[in-house]
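Examination of the molecular architecture
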Amino acid sequence: MQNPLEFFAKAARSSPQAAAANVEFAAGHKNMLQLIELRWIAVIGQITTIAAAILIFRIELPLVHMLQVLACLIAFNVASHLRWHERRPVSNGEMFMALLVDVASLTVLLYLSGGITNPFAFLYLLQVILSAVLLEVLWTWVIVLITTFCLAGLAMYAQPLALPFDHARGISSLYIQGLLVCFALDAALLVMFISRISDTLRDKAAQLALLRQQAVEEEHIVRMGLLASGAAHELGTPLATVSVILGDWKRMPQFRNDPGLLEDLNEMQTQLQRCKSIVSGILLSAGEARGESAVRTTVRSFLDGLVATWRASRPVAGFQYNNQVLEDVPVASDSALKQTIDNLLDNALEASPEWVGLDVRKEDGVLHVVVTDRGPGFPAAMLAQIGKPYQSTKADPGHGLGLFLAVNVARKLGGAVTAANRPEGGAQVSLSLPLSSIAIEEERKEASIDRQP
């Protein structure tokens, strides 16, 4: 299992670019799906228009050839849906080819139904505007040139539509009515499509802003981790010296024969051992374990051991531990996760020295760890900023990093941290974590094989 500090360092270097690319891919894929949906609307509209022209207005059209064009367009749209129904990156060239197919089908239909004398020839503007929204500038100008040549070719080679151009009749003119319908279709489709594109762009901007914020926070964590690793190295020598001195004192007659002093020495050695364990944990998280490695354990054993260690080293008056994980799962012990839960418990203990609660359960492969207290709760302003550095109810500088680290450790393991005030008083902090993120690699492979048919 990768140690947390190395993980954060790698993420801070690579994740912003990779995540930004994922946002771009998601936006392009969503735009392609909307273009496919728009093409279905266009097919329905074209079939309706052809049927109305033949059955209502008695206009002679080459129905067989036009239906063949529509059949090809439907087949292309079905193929597009099969290709793009899964999330795939959409390149600018692929989007250009999709729009080019729409331009080609519109050109053939117009050629068969009067060419430029057909009032629906202005649907070319829809293709141009869509290309301006979806494509890069160069590709958009290519679409402009292609549609211009198509219109010129229709004017030169298509047979005019047998409609009287009686513009003097105004709205009663069949050609004017066709222009009005074409304008209404253009306007409605553009409003619908561009509104969705705008929503996609706003979502994309919001996601990119969130990714930038996360990148800043991850860089902050890396700096803190490097500082902690350096401090742990520096503390190692003085702690070892103090440990030797305490051992020598315990063997001295004046200390050995005084029960009170001997009890104090034992307590000092206990606290010193705790300090050494903290230093070892920091170095382990930094990838510099002193002869230690990840230990194979289970969820219940990991949590029970964590709780036992925490209770033995903290002056907690009342502690309620409820472990509802019935199905035990083999995992590798994770020092970052252990420190995260310790931080949540420490925060609860500082807010409520009389009572702290810890509830653990597993639902649908997700581990839920809920820490509660009976303290004053979170201020409303702090609840809105949970997970930001240096957000704390304590006035001392440097506090507020516990929740910040918990949020980022959970996020890197695919989970989340939420906080709320309890109706009966006190605060509640919930950590949700997919068990697959800490499961042992062999177990994950076996589970994957078992799921295969």
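Residues numbered from 1 in each chain as written. Predicted model: local features only at pLDDT ≥ 70, side-chain atom pairs only at ≥ 80, totals over all residues. Heavy atoms only, no water.

With that settled, the discussion passes to the pattern of salt bridges. Following the criterion strictly, the structure yields seven salt bridges and no others. The salt bridge partner of Glu94 is Arg83, with a shortest N-O separation of 2.9 Å. Linking Glu94 in helix 3 (residues 92-112) with Arg83 in helix 2 (residues 63-84), this pair joins segments that are 11 residues apart in sequence. By relative accessible area, which is 26% here, Glu94 ends up partly exposed. (Salt bridge = Lys/Arg side-chain N within 4 Å of Asp/Glu carboxyl O. Helix = DSSP H or I, 4+ residues; strand = E, 2+ residues; numbered from the N terminus. Buried < 20%, exposed > 50% of the residue type's maximum accessible area, 1.4 Å probe, protein only.)

Each regular strand shows side chains that alternate between the opposite faces of the sheet. One ladder, built from seven bridges, connects strand 5 (residues 366-373) with strand 7 (residues 427-434); its direction is antiparallel. Bridge pairing links Leu367 to Leu433 in strand 7. In this structure, strand 6 (residues 416-421) lies alongside strand 7, joined through six bridges in antiparallel fashion. Note on strand 7: the bridge partner recorded for Ala419 is Val429. The turn joining strand 6 and strand 7, which pair antiparallel and follow one another in sequence, is formed by five residues; a positive phi near 110° is taken by Gly425. (Pairing = 2+ DSSP bridges.)

The geometry of helix 9 (residues 299-313) relative to helix 10 (residues 335-351) is characterised by a closest axis approach of 11 Å and an angle of 45° between their N-to-C directions. The angle between helix 9 and helix 10 places the two elements in the oblique class. For the pair helix 9 and helix 10, the crossing hand works out as right-handed. Of the residues in helix 10, those in contact with Phe302, Leu303, Leu306 and Trp310 of helix 9 are Leu337, Lys338, Ile341, Asp342, Leu345, Asp346 and Leu349. Of the residues that constitute the contact of helix 9 with helix 10, the class distribution is eight nonpolar, no polar and three charged. (Axes fitted to C-alpha atoms, helices over the stretch in contact; angles between N-to-C directions. Parallel < 35°, antiparallel > 145°, perpendicular 65-115°, else oblique. Left-handed = near helix turned anticlockwise from the far one by under 90°. Contact = heavy atoms within 4.5 Å. Nonpolar A, V, L, I, M, F, W, Y, C, P; charged D, E, K, R; others polar.)

The next thing to look at is a negative patch on the surface. Residues Asp258, Glu263, Asp264 and Glu267 make up a contiguous surface patch of negative charge. Along the chain, the position of Glu263 falls in helix 8 (residues 259-285). Residue Glu263 is classed as exposed on the basis of its relative accessible area of 57%. (Patch = residues over 30% accessible without salt bridge, like charges linked within 9 Å, V, L, I, M, F, W, Y side chains within 5 Å. Areas by Shrake-Rupley, 256 points an atom, 1.4 Å probe, with all protein chains shown as cover. Lys, Arg positive; Asp, Glu negative; His and termini not counted. Charge placed at Lys NZ, Arg CZ, Asp CG, Glu CD.)

Now for the nonpolar core. Core analysis: the biggest nonpolar cluster contains 39 residues, and Val299, Phe319, Leu345, Leu358, Leu367, Val417 and Leu431 have the highest contact counts within it. Among the secondary structure elements, those contributing two or more residues to this core are helix 9, helix 10, strand 4 (355-363), strand 5, helix 12 (401-412) and strand 7. Broken down by element, this core gets its largest block of residues, seven residues, from helix 10. Contact partners of Val299, with chain neighbours within four places excluded, come to Val325, Asp328, Val329, Val331, Leu367 and Leu435. Core analysis: the next-biggest nonpolar cluster, separate from the first, contains 19 residues, Leu38, Trp84, Phe96 and Leu190 among them. (Core = buried A, V, L, I, M, F, W, Y, C linked by side-chain atoms within 4.5 Å.)

Our focus in this paragraph is the UniProt feature "transmembrane region" (unreviewed entry) in the protein. Under the present numbering, the feature "transmembrane region" (unreviewed entry) in UniProt falls on residues 40-59, 65-84, 142-162 and 174-194. Along residues 40-59 one finds 80% helix and 0% strand; the C-alpha atoms at either end are 25 Å apart. With 100% helix and 0% strand, the stretch residues 65-84 has end C-alpha atoms that lie 29 Å from each other. (UniProt positions renumbered as here; feature names shortened; annotations may be inferred.)

Another point: a nonpolar patch on the surface. There is a patch of nonpolar side chains on the surface, built from Phe122, Leu125, Ile129 and Val133 and spanning about 320 Å² of accessible area. Tracing the chain through its elements places Val133 in helix 4 (residues 124-134).

This part takes up the confidence of the model for the protein. Here the protein averages 78 in pLDDT, and 76% of its residues register 70 or above. In this model, residues 1-16 is a region of pLDDT below 50 whose contacts with residues beyond four sequence positions or in other chains number 38 contacts. Per-residue pLDDT stays below 50 along residues 287-293; that stretch engages in 12 contacts with residues further than four places along the chain or on separate chains. (pLDDT = per-residue confidence, 0-100.)

Attention now goes to the side chain of Ser131. Among the secondary structure elements, Ser131 is positioned in helix 4. On the basis of relative accessible area, Ser131 is assigned to the buried category, the value being 0%. Leaving out residues up to four positions away in the same chain, Ser131 has contacts with Leu99, Thr140 and Ile143.

What follows is about the side chain of Arg39. Within the element layout of this structure, Arg39 appears in helix 1 (residues 4-55). Overall, the relative accessible area of 3% leaves Arg39 in the buried class. Among all residues touching Arg39, those that are not within four sequence positions of it are Leu73, Phe76, Asn77, Ser80, Ala98 and Asp102.

When two helices pack together, you describe them by how their axes are tilted relative to each other and by the distance separating the axes. Packing of helix 3 against helix 5 (residues 137-157) leaves a shortest axis separation of 11 Å and a crossing angle of 10°. Comparing the axis directions of helix 3 and helix 5 gives the class roughly parallel. Of the two elements, helix 3 crosses helix 5, and the hand of that crossing is right-handed. Between helix 3 and helix 5, the residues in contact are Asn92, Gly93, Phe96, Leu99, Leu100, Val103, Thr107, Leu110 and Tyr111 and Trp139, Val142, Ile143, Ile146, Thr147, Cys150, Leu154 and Tyr157, respectively. Looking at the contact of helix 3 with helix 5, its residues break down into 13 nonpolar, four polar and no charged.

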